[in-house]
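Structure at a glance
Chain by chain, the residues run as shown.
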Amino acid sequence: MVRRRYISTRALKQDMVIDQAIIDRSGRVLIARKTVLDDFLIEALQKMNITGIYIREGEEDPETEGDIEISPEVQMTIEKLTVADRSKVKLSESVKKRVSEGIKFLYNDTSAPDFIDTAANVTTSLVGSIMENEAVALNIDALKFSDEYTFQHSVDVATISMLIAKNSNMTETEIQKIGMAGLLHDMGKSKIPNEILNKAGKLTEEEFAIMKNHSLFGYQILKEKGDIPQEVLMGVLQHHEKLNGKGYPMGVASDKIYPYAKILAIADIYDALVTERPYKKAFSQQDAIEMIMAMTDELDINYMRNFLGIVILYPVNSVVTLSNGEKAKVLKNNPQYPLRPKVVGLRTGKVYDLSEDIKCASLIIE
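These notes cover the structure that comes with them. On a predicted model such as this, the values are computed, not experimentally measured, just so you know.

Some remarks on helix H1 (residues 39–47)
Residues Phe40, Leu41, Ile42 and Leu45 constitute the buried set of H1. With a side-chain oxygen lying 3.1 Å from the backbone nitrogen of Phe40, the N-terminal cap of H1 falls on Asp38.

And the structure:
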């Protein structure tokens, strides 16, 4: 049974689960409810002068699984058919600290003499986290490390883009370059007026016209450095271009868009959809995936497939509710169909392969 307890932030310990959202004055969610706390987040709460928070204790609501008596036959099915999820990216506390300090430095001082070295070092830290445990999948909630949207978004886009590149069989050098492009893709926002950048409501046509210049501004800032690869520059310039030619700043179509930009576009859209902002609520990861899958006229289909292959929406052993009302446990994920894993009904023991069995075509996870 889940219990809710108020505790001083001084008494917080790693792996405690927060039972409230931490929100700033602009309405931005800094730490989501049910986030597992680590030393970095605990330190952040204390620095924000938050004296106490609610935490969750005990097991999840019994109705999700605990109230359902699982027969020995069902348990045997679970043990026989369960296939562990692919390795996910994990950022250590030391990496989070280096990335946090580095990304803030880059966006706050675009004219710094060691700008390129810092960008390379931050990218190397992220690449190392992907390569060291052969990570091929993503838990986006684990990436959040900053209460500043631009910094957080840049790291998310870089990490997602690198995983797409890895899943596309790109070389480590290419993965490094696209990581740098992801970190720097919004650099041009440093030249956008704050009243437009942080506006809580919908932008006017005139304001949006100014906002659309940020990718061009970023390209110009980085090109002046002289030592940044052309692929990185074009990724930054074109990350808002669309295959149908309806993007910006140039409005070019598929054959004129660099591969890095096509990857960055997917990562940028996905992270923007699942992140709460002053002017919009966050979409669920499931809804965001469905929206991206519907954008086949705008986004590269091959990179989209490789993106779907890195997202784990329903971790193995999690309990879900099917559209037929049955509670089920996730047995195996299909990288090509993240919305449709293989599950087993906890009461009936019936196995539903949502991505492969035609008889399950009408079933969805609610």
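Thoughts on the nonpolar core
Ranked by internal contacts, the top residues of the largest apolar core, which has 76 residues, are Leu184, Tyr270, Phe307 and Leu322. Examining the composition of this core, we find that ten residues originate from one element, helix H11 (residues 259–274), more than from any other. Look past the residues within four positions of Leu184 in its chain and what remains in contact with it is Leu106, Tyr107, Phe115, Ala119, Leu222 and Val236. In this structure, Leu12, Leu41, Ile42 and Ile53 belong to the second largest nonpolar core, which totals 13 residues.

Regarding the side chain of Thr9
In this fold, Thr9 is placed in the loop between strand S1 (3–8) and strand S2 (17–18). Accessibility expressed as a relative area gives 4% for Thr9, which makes it buried. Within the local environment of Thr9, its side chain forms a polar contact with the backbone oxygen of Ile50, the two atoms lying 2.8 Å apart. If we skip the residues at most four places from it in the chain, Thr9 touches Ile42, Leu45, Gln46, Ile50, Thr51, Gly52 and Ile53.

So, unusual backbone geometry
Cis geometry marks the peptide bond from Tyr248 to Pro249; its omega dihedral reads 15°. Following the sequence through the fold, Pro249 ends up in the loop between helix H10 (230–238) and H11. We note that Asp15 has phi near 80°; this positive angle belongs to a residue other than glycine. If you trace the backbone, Asp15 turns up in the loop between S1 and S2. Even without glycine at this site, Asn169 takes up a positive phi of about 65°. Mapped onto the fold, Asn169 is located in the loop between helix H5 (149–167) and helix H6 (172–184).

Points about the packing of H11 against helix H13 (residues 301–308)
The contact between H11 and H13 brings their axes to 10 Å, and the two run at 50°. Compared by their axis directions, H11 and H13 come out oblique. As H11 runs across H13, the sense of the crossing is right-handed. Contacts between H11 and H13 involve Pro259, Lys262, Ile263, Ile266 and Tyr270 from the first element and Tyr303, Met304 and Phe307 from the second. Among the residues forming the contact of H11 with H13, the class breakdown is seven nonpolar, no polar and one charged.

Quick word on the pairing of strand S8 (residues 342–345)
In summary, the side chains of a regular strand alternate between the two faces of the sheet. On S8, burial covers both faces: Lys342 and Val344 on one face and Val343 and Gly345 on the other are all buried. Relative to S8, strand S7 (residues 327–332) runs antiparallel, the two sharing four bridges. Across the sheet, the residue bridging to Val330 is Val343, located in S8. Pairing of S8 with strand S9 (residues 351–353) involves three bridges; the strand directions are antiparallel. Of the residues in S9, the one forming a bridge with Val344 is Val351. Where S8 folds back on S9, the antiparallel hairpin that results is connected by five residues, among which Gly349 adopts a positive phi of roughly 75°.

Cut-offs applied
- Residues numbered from 1 in each chain as written.
- Predicted model: local features only at pLDDT ≥ 70, side-chain atom pairs only at ≥ 80, totals over all residues.
- Heavy atoms only, no water.
- Buried < 20%, exposed > 50% of the residue type's maximum accessible area, 1.4 Å probe, protein only.
- Helix = DSSP H or I, 4+ residues; strand = E, 2+ residues; numbered from the N terminus.
- Polar contact = N/O pair within 3.5 Å; in protein donor to acceptor, adjacent residues only side chain to side chain.
- Core = buried A, V, L, I, M, F, W, Y, C linked by side-chain atoms within 4.5 Å.
- Contact = heavy atoms within 4.5 Å.
- Axes fitted to C-alpha atoms, helices over the stretch in contact; angles between N-to-C directions.
- Parallel < 35°, antiparallel > 145°, perpendicular 65-115°, else oblique.
- Left-handed = near helix turned anticlockwise from the far one by under 90°.
- Nonpolar A, V, L, I, M, F, W, Y, C, P; charged D, E, K, R; others polar.
- Pairing = 2+ DSSP bridges.

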